[in-house]
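# Survey of secondary and tertiary structure
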Amino acid sequence: MGCQMNIADSERMEGQLQSLGIRPFDEVKDQGRKVDLVVLNTCSIRDHAEQKVYSYIGPYAKRKREGEDVTIVVAGCVAQQEGEALLRRAPEVDLVMGPQYANRLGDLLEERFPMETKS
């Protein structure tokens, strides 16, 4: 959802998730399944960036409110700018982290969910 830096950050976060045994969702292989971990890496440069983030969060927040086990992470510039406001507006979000923490996603998830392993 954004700039060149997001691409690099997203690749680092994906690598960390894979080191935890979490693999990317594959629309063909995983047909009929729903994701249980969503990482939205945001960019504030885009027009209406904040509104887009809340729009993307919506379907996953709805699943969570309905009792499904889904972890929602919002990362990047919008996450850093919105911070606590994001959590107030979308309390279903589990983790909000600025771009400076992109290389610590695995650690942050393990701290937040010490006994859980998502796969």
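Going by the structure above, here's the rest.
Note that residues are indexed from 1 along each chain, following the sequence as it is written. It should be noted that, the model being predicted, local features are given only for residues of pLDDT at least 70 and side-chain atom pairs only at 80 or more, the latter also being counted only at that level, while totals for whole chains, interfaces and linings use all residues. The basis for every side-chain value is the complete set of non-hydrogen atoms in the structure, without hydrogens or water.

Our next topic: the overall build of the protein. Of regular secondary structure, the protein possesses five helices and three strands. Whereas a compact globule of 119 residues would reach a radius of gyration of roughly 14 Å, the protein reaches 14 Å, a difference of no more than 12%. For the protein, the spread of C-alpha atoms along the principal axes amounts to about 35 × 30 × 30 Å. For each residue, the accessible area found with a 1.4 Å probe, counting protein chains only, is set against the maximum for its type, and the residue is called buried under 20%, exposed over 50%, and partly exposed in between. Relative to its 119 residues, the protein shows a buried fraction of 38%. Strands here mean DSSP runs of E at least two residues long; helices mean DSSP runs of H or I at least four residues long; both are numbered from the N terminus. For a compact globule the rule gives 2.2 Å times the number of residues to the power 0.38, and the radius of gyration it is set against comes from C-alpha atoms.

Think of a salt bridge as a Lys or Arg side-chain nitrogen and an Asp or Glu carboxyl oxygen that are within 4 Å of each other. Inspection of every chain in the model, using the stated rule, returns nine salt bridges. Glu66 is the salt-bridge partner of Lys62, the closest N and O atoms lying 2.7 Å from each other. A relative accessible area of 43% places Lys62 in the partly exposed class. Here Glu68 and Arg63 are joined by a salt bridge, their closest N and O atoms 2.8 Å apart. You can call Glu68 partly exposed: its relative accessible area is 27%. Each of Lys34, Arg63 and Glu68 takes part in one network of salt bridges that share partners.

Turning next to the state of the cysteines. Pairs of cysteine sulfur atoms within 2.5 Å are identified as disulfides in what follows. Summed over the entire model, instances satisfying the criterion amount to zero disulfides. Between Cys77, a free cysteine, and Cys43, which holds the nearest cysteine sulfur, the sulfur-to-sulfur gap is 5.4 Å.

The subject of this paragraph is the packing of aromatic side chains. Any pair of Phe, Tyr and Trp rings, taking the six-membered ring for Trp, is counted once the centres come within 6.5 Å. Such a pair is stacked with planes under 30 degrees apart, edge-to-face with planes over 60 apart, and tilted for the rest. Under the definition given, this model contains zero aromatic pairs. Working rule: Lys NZ or Arg CZ, within 6 Å of ring centre, within 35 degrees of ring normal, means a charge sits over the ring. A cation over a ring is seen here: Arg89 above Tyr54, with NZ or CZ 3.8 Å from the ring centre.

Next up on the list: the pairing of strand E2 (residues 71-76). If a strand is regular, its side chains alternate between the two faces of the sheet. The element E2 is largely enclosed, with a buried count of six among its six residues. Only when DSSP finds a minimum of two bridges between them are two strands counted as paired. Bridging between strand E1 (residues 37-42) and E2 involves six bridges; their strand directions are parallel. Residue pairing for E2: Asn41 is matched across the bridge by Ala75. As paired strands, E2 and strand E3 (residues 95-97) are joined by three bridges and run parallel to one another.

Each helix should span, by expectation, one fewer than its residue count multiplied by 1.5 Å. Its 17 residues place the ends of helix H2 (residues 49-65) 24 Å apart at the C-alpha level, agreeing with the 24 Å of an ideal helix rising 1.5 Å per residue. Of all the bends in H2, the greatest reaches close to 40° and is centred on Gly58; the proline Pro59 follows between one and four positions later. Turning to H2, its buried residues are Ala49, Val53, Tyr54, Ile57, Ala61 and Arg63. Those residues of H2 hidden inside the fold are in contact with E1, E2, helix H3 (77-82) and helix H4 (84-89). The positive-phi residue at the C-terminal boundary of H2 is Gly67, with phi of around 100°. At every residue, the bend is computed as the angle between two fitted axes, covering the seven residues ending there and the seven beginning there respectively. Residue contacts follow a heavy-atom distance rule, with two residues in contact if any of their heavy atoms lie within 4.5 Å.

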